[in-house]
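# A structural walkthrough
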Amino acid sequence: MKVFLTPLTPVLLLLLLLPDRTMSGDCPKDCSCATPESILCFQRRSSTIPKRVPPATKSLYLFANGIEGLTTEDFEGLEVLEMLDLSQNKLTELPDKVFEPLTSLKNLDLSSNQITHISEYCFQGMPLLERLYLYSNHIKSIHPAAFNGLEKLIELKLQGNQLTSLPALSMTGLLLLDLRFNVFPTLGPSDLETPNLESLKLAGVGLTRLDDKLMASLGNLHDLDISGNQLETFPTALKEARGLIHLSLAGNPMGPLNLEDLQNLGDLQELDISSLSLQGIPKDFAQLFPHIKKLKVAENPFNCMCNLAWFPSWLRAQGITLERTEETRCHFPPINAGKVLERLEYREFGCPTTTTVTTTTVRTSTTSAVPVTTLTSTTNAFLAPRPTDHRYHMEDDSHLPPVPASPSSSSNEQEIERFCPSNTCLNGGTCLLDRRGQVECTCPPGTTGTFCEILPEVEMSIATVTTDASDISARVVTSTSILLDLHRYIEMRPYIRGIRLTYRNLSGPDRRPIQLSVPANYPEYTLRGLKPNSTYTVCANPLGATSGKDSSCTEAQTTAQQDSTVGARVEDKRLTTMLVPAIAILLLLVLIAAAVGVVCYLRKKRANGHLDLDCDPSQLELEGVKVGLDNGALPQKQPELTIPEPAVQNSNLEYEVLLLQDHFTSNNNMSSHKPSYF
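Residue positions within a chain follow its written sequence, with the count starting from 1. Given that the model is predicted, a residue must reach a pLDDT of at least 70 before its local features are reported, and side-chain atom pairs must reach 80 or more before they are shown or counted; all residues, however, enter totals for whole chains, interfaces and linings. Values reported for side chains reflect all heavy atoms of the structure, with hydrogen atoms and water molecules removed beforehand.

What follows is about the sheet that holds strand β26 (residues 473-478). Taken in spatial order, the three strands line up as β26-β27-β30 in an open sheet, and their pairing is antiparallel. Two strands lie at the open edges of the sheet, namely β26 and β30 (524-527), each paired on one side alone. Put simply, the sheet's adjacent strands are angled 25° from each other on average, direction ignored. By the convention used here, strands pair only if DSSP detects at least 2 bridges between them. Secondary structure elements are defined from DSSP: runs of H or I of at least 4 residues count as helices, runs of E of at least 2 residues count as strands, and each element is numbered from the N terminus. Sheet topology note: the β26/strand β27 (residues 481-485) ladder contains five bridges and is antiparallel. Note that in β27 the partner of A474 across the bridge is L484. Between N-to-C directions, angles span 0 to 180 degrees; the directions come from axes that are lines fitted to C-alpha atoms, helices contributing only their stretch in contact.

So this is what it looks like as structure tokens:
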């Protein structure tokens, strides 16, 4: 028997060889099936799971579909499904054993829904699940046995919920746990039985302390985020922590850090110490972190003087990325206030220069102290040792540059005075510049303290000072700054050595307090870098005070940010208003002169050259000029200016044009057209 192949035979053979899904067109409605194993259904706007999902599907993306409920029947026949994305839907609950048919599922994303409770049997039947994302829901409670059976789980994300307690997590294989922005004031080793955990994120959970035993049980931890909590001191649990690569301490009220607290963290590659009220970073900081690659020190009141001059150079030399650069600015001294720290040049830090004194018999370099007046209270306040720690005084100073014995020129004196506000040392004390470019006070007999501020009779009167809520006041300077008046606060407390300012934005979502240290000889201080159109509360406390009895607070409202181009547009408009009339008058004069010339020529020609005519505009017939003006030949002027009458008729039926009229005074004298500078 012979077989005849028609032209359609190859097409039929091709259809027979194609997969069943292509022939049957079984891709769900409003979905995209780019590959046989992956289906994407984005913004279907349906409250249910799509029907007839092919059994061979391994990845099913159903985010932002508007799905409101799930049933076990929705997943029947999907035994090979490995990835299920149900994020950004409208799910409020998870029925028991709803995912049980998905025996091969490895990744489940339920984030950004409206789930409020996780029951005991929600995730039963998924022995291979590796990643479970439940963040950005409304979860208030989780059953203690909810995660039982998830032996393969390596990532669990619960951040951004409303949890106040956590079920004991006994997961030996868990590597990442994200609990940020819930409420867990305390966490102990019994809460997290996760010995292999590599990344733990506890930002904004209200921690008041970091449990030592918990940290000791997490021997494999490399990434720790404890930012935005209520840690008032550096956690002792971190002093012995080793192996950390990423660490965030930002936004805790722990104040200045001690270098010895960080000495065991030499493996760090990323460190965030933003918003810690730090004012300086000692040069030894660079030796502690030889492997650092990324650093965040934003929103700190840096005192950009000589002891911080090494920092920008170190960043550039080591290729370190300073993140949030625009938010890392100087607060002191006033000459550098508001400048981006990383962009400061070495000379802008006001470091003293080195000089050599030469005589006929001896040639030496002098390093004696120079009496100056410098902002002492903020020199070592960023990362400084405690007052009882004298390590810096015991170090060898041989490698430090000498300070000139006496400035030899007025330029040096002016440079020092720029960085040195007056009256730093009190009660007759003398301010000296040491070999490190830092300042210290030499106190006269009978006075003590960092600034010679303590007198015997003053010590007895401290307890009698009362607090007045009106001791400080504020007024708005710009849309991003507030000027604080501290005159009365300082006068009522002559014993204080400095002021701790605490301010926070009451109008924004981030109300974390920011602290600054201000010298006691600053009767006014400007808070910069604020948010426009916001209400701020500002409180002042004596520096080092442990109680709030001397606290004084005030509120201030920053103005809305204005468009800086408005003034330019107004000025341009006024300039145009001035130029248009002047150009119009000039054109009118040119037109009159041309007409006069034409008339003179015609009359001379008419008289056959025998008459000498005086071509004065007041004696000529300018019918043509008049007609031209009447027909609107004169350029249109601004509405506020009056168009002049074209001519004044006399008895000879001639017309003269007034070249200078009363209502056309010189633009240079018109007050209404002078540019405004306000």
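Turning our attention to the pairing of strand β31 (residues 535-542). A regular strand carries its side chains on alternate faces of the sheet. When you tally the buried positions in β31, you get eight out of eight residues, the bulk of the element. For every residue, the accessible area obtained with a 1.4 Å probe (protein chains only) is divided by the maximum for its type, and the residue is called buried under 20%, exposed over 50%, and partly exposed between those limits. Of the two faces of β31, the one carrying T535, T537, C539 and N541 and the one carrying Y536, V538, A540 and P542 are both buried. Pairing analysis gives seven bridges linking strand β28 (residues 498-505) to β31, with the strands arranged antiparallel. Bridging across to β31, R500 finds its partner in N541. Bridge count for β31 against strand β32 (residues 552-557) is six bridges, and the pairing is antiparallel. Each residue of the ladder has a partner; that of A540, found in β32, is S552.

This paragraph deals with the packing of aromatic side chains. Between the rings of Phe, Tyr and Trp (Trp by its six-membered ring), a pair exists once the centres lie within 6.5 Å; its type follows the angle of the planes, with under 30 degrees stacked, over 60 edge-to-face, and the other angles tilted. All told, the structure shown has 11 aromatic pairs when counted by the stated rule. Seen in terms of ring centroids, F123 and F147 are 6.3 Å apart; in terms of plane orientation they differ by 10°. Their pairing is stacked. Of the two residues, F123 is situated in the loop between β6 (117-118) and β7 (131-133) and F147 in the loop between β8 (141-142) and β9 (155-157); the sequence distance between them amounts to 24 residues. Judged by relative accessible area, which is 7%, F147 ranks as buried. Centroid distance Y133 to Y135: 6.1 Å. Interplanar angle 45°. Geometry classified as tilted. With a relative accessible area of 17%, Y133 lands in the buried category. Chaining the aromatic ring pairs together yields one cluster made of F285, F289, W310, F311 and W314. Here, a charge over a ring is recorded when the distance from Lys NZ or Arg CZ to the ring centre is within 6 Å and its angle to the ring normal is within 35 degrees. Against the face of Y121 rests K97, its NZ or CZ located 5.9 Å from the ring centre.

Relative to the assigned elements, T526 resides in strand β30. Owing to a relative accessible area of 17%, T526 belongs among the buried residues under this scheme. Residue contacts are defined here by distance: any two heavy atoms, one from each residue, within 4.5 Å place the two residues in contact. Discounting residues that sit within four places of it in the chain, T526 has contacts with S481, I482 and L483.

Reported here for the second largest pocket is a volume of approximately 780 Å³. Cavity and pocket criteria rest on a 1 Å grid covering protein atoms alone: a 1.4 Å probe that fits but cannot get out defines a cavity, protein on both sides within 12 Å along at least 5 of 7 lines defines an open pocket, and an atom within 4 Å of a point defines a lining residue. Lining the second largest pocket are 28 residues, with E299, Y503, I514, G529 and L530 positioned closest to its centre. Elements supplying a minimum of two residues to the lining of the second largest pocket: β20 (330-332), β28 and β30. No other element matches the three residues that β28 contributes to the lining of the second largest pocket. The residue classification treats Ala, Val, Leu, Ile, Met, Phe, Trp, Tyr, Cys and Pro as nonpolar and Asp, Glu, Lys and Arg as charged. All others, Gly included, are polar. Considered class by class, the residues forming the lining of the second largest pocket number nine nonpolar, nine polar and 10 charged. Grid points are joined across faces, edges and corners, and a volume is the space filled by probe spheres set on the points.

Attention shifts here to the confidence of the model for the chain. Here the chain averages 74 in pLDDT, and 66% of its residues register 70 or above. The model gives residues 457-469 a pLDDT under 50, and that stretch makes 18 contacts with residues more than four places away or in other chains. Counting interchain partners and residues more than four positions distant, the pLDDT-below-50 stretch residues 608-678 has 83 contacts. Each residue carries a pLDDT score, the predictor's own confidence in it, on a scale running from 0 to 100.

All right, on to the pattern of salt bridges then. Within this document, salt bridges are pairs made up of a side-chain nitrogen of Lys or Arg and a carboxyl oxygen of Asp or Glu, the two lying within 4 Å of each other. If you walk through the whole model with that rule in mind, you get 16 salt bridges. For the salt bridge of K296 with E323, the shortest nitrogen-to-oxygen distance reads 3.5 Å. In this pair, K296 is assigned in strand β17 (residues 294-296) and E323 in strand β19 (residues 321-323), connecting sequence segments 27 residues apart. Since its relative accessible area comes to 26%, K296 is described here as partly exposed. Across the pair R329 and E326 runs a salt bridge, and its minimum N-O distance is 2.9 Å. For R329, a relative accessible area of 30% gives the class partly exposed.

This part covers the sheet that holds β28. On the basis of which strands lie adjacent, the open sheet formed by four strands has the order β29-β28-β31-β32 and antiparallel pairing. Bordering the open sheet on either side are β29 (514-519) and β32, each of which pairs with just one other strand. Ignoring which end each strand starts from, the neighbouring axes of this sheet average 25° apart.

Time to look at the environment of E299. With respect to the helices and strands, E299 occurs in the loop between β17 and β18 (302-303). Given the relative accessible area of 29%, E299 is considered partly exposed. As a C-alpha pair, E299 and I273 span 26 residues in sequence and 9.4 Å in three-dimensional space. The term polar contact refers here to a pair of N or O atoms within 3.5 Å; inside protein, the definition further demands a hydrogen-donor-capable atom paired with an acceptor-capable atom, and it admits residues adjacent in sequence only when both atoms are side-chain atoms. A distance of 2.9 Å separates polar atoms of two side chains, one belonging to E299 and the other to S275.

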